[in-house]
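What follows is each chain in one-letter form.
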Amino acid sequence: MRIGLVSVLSGLLLWATVPASASADVLINVDKSAQRMEVTVDGQPRYSWPVSTGVESYDTPSGSYRPFRMERTHFSKEWDDAPMPFAMFFTNQGHAIHGTNHVRNLGRAASHGCVRMPYGFAEKLFERTRIGMRVIISPEDAAPVDFSHPTLSLFVPNAAVVAAAPARAETL
């Protein structure tokens, strides 16, 4: 009876830590030089984990991506049915963020191009993210920079249009 109660309470606690809004802005940033993944939610740092990206001959492609397929249980069709649990595919060539049991290689490039992380972290990330969120794979730490240009002022939206947008959205 105690074990059942503890399990229920643990489940409720876990449920309570899941973000209430499905519209949270989640960003995954993988720094290949540091072999680290940073996850921010609504602009606030939430998680930081060591990862393994691709070795030089199978480099993980740098760029900005949006995962288009997620599979809780997947086995590689290219690499001898290697397990790829909690896979989030971000390229059509099969690159994915997924769990691994090769934890001794975390913190250094060791994969065939995927972004690998421990099973527990991969499961937590899988449960909190959705298809279409932003994934940035960078050769080094990505940091925002200030910039300006004279023509940027041409793209400032009309204040009246911006103010009317929420009211118009309500009627759609």
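Since the model is a prediction, treat every value here as computed from it, not as a measurement.

1. Thoughts on the sheet that holds strand E9 (residues 134-138)
Moving on, step 1. The strand order E3-E2-E1-E9-E4 describes an open sheet built from 5 strands, whose pairing is mixed. Only two strands of the sheet have a single partner each, and these edge strands are strand E3 (44-50) and strand E4 (63-65). Between one strand axis and the next, the sheet turns by 15 degrees as a mean value, whatever way the strands run.
Moving on, step 2. Taken together, the 6 bridges between strand E2 (residues 36-41) and E3 define a ladder with antiparallel strand orientation. Bridge pairing links Glu38 to Ser48 in E3.
Moving on, step 3. Helix H2 (residues 119-128) contacts strand E1 (26-31), E2 and E3 of the sheet and is inclined by roughly 145 degrees relative to E3.

2. Observations regarding the pattern of salt bridges
Moving on, step 1. Under the counting rule described, the total for this entry stands at 4 salt bridges.
Moving on, step 2. As a salt-bridge pair, Lys32 and Asp59 come within 3.2 Å of each other at their nearest N and O atoms. With Lys32 in the loop between E1 and E2 and Asp59 in the loop between E3 and E4, this pair connects stretches of sequence that are 27 residues apart.
Moving on, step 3. The residue Arg69 makes a salt bridge to Glu71 at a minimum N-O spacing of 2.8 Å.
Moving on, step 4. Note on Arg69: relative accessible area 32%, which makes it partly exposed.

3. Looking at the packing of aromatic side chains
Moving on, step 1. This structure, assessed with the given rule, holds 4 aromatic pairs.
Moving on, step 2. Joined through ring pairs, the aromatic side chains of Tyr47, Trp49 and Phe121 make up one cluster.
Moving on, step 3. The side chain of Arg69 reaches across the aromatic face of Phe89, ending 3.9 Å from its centre.

4. So, the pairing of E9
Moving on, step 1. Both E1 and E9 contribute to a ladder of 5 bridges, which runs parallel. Paired with Asp31 across the strands is Ser138, a residue of E9.
Moving on, step 2. In this sheet, E9 lies alongside E4 in antiparallel orientation, the contact comprising 3 bridges. When the bridges of E9 are listed, Gly63 appears paired with Ile137.

Reading the values: rules and limits
- Position numbers for residues start from 1 in each chain and track the written sequence from start to end.
- In keeping with the predicted nature of the model, local features appear solely for residues at pLDDT of at least 70, side-chain atom pairs appear and are counted solely at 80 or more, and the whole-chain, interface and lining totals rest on all residues.
- Only heavy atoms go into the side-chain values, all of them from the structure, while hydrogens and water stay out.
- Any two strands are treated as partners once DSSP identifies two or more bridges connecting them.
- Under the scheme used here, helices are H or I runs from DSSP no shorter than 4 residues and strands are E runs no shorter than 2 residues, and both carry numbers assigned from the N terminus.
- Axis lines are fitted to C-alpha atoms, over the contacting stretch for helices. Their N-to-C directions set the angle, which ranges from 0 to 180 degrees.
- Any two residues having at least one pair of non-hydrogen atoms within 4.5 Å are treated as being in contact.
- Criterion for a salt bridge: a side-chain nitrogen of Lys or Arg within 4 Å of a carboxyl oxygen of Asp or Glu.
- Accessible area is worked out with a 1.4 Å probe on protein chains only. A residue is then buried under 20% of its type maximum, exposed over 50%, and partly exposed in between.
- The criterion for an aromatic pair is that two Phe, Tyr or Trp rings (for Trp, the six-membered ring) have centres within 6.5 Å, with stacked assigned to planes under 30 degrees apart, edge-to-face to planes over 60 apart and tilted to the rest.
- Put simply, a charge is over a ring when the Lys NZ or the Arg CZ is close to the ring centre, within 6 Å, and near the line of the ring normal, within 35 degrees.

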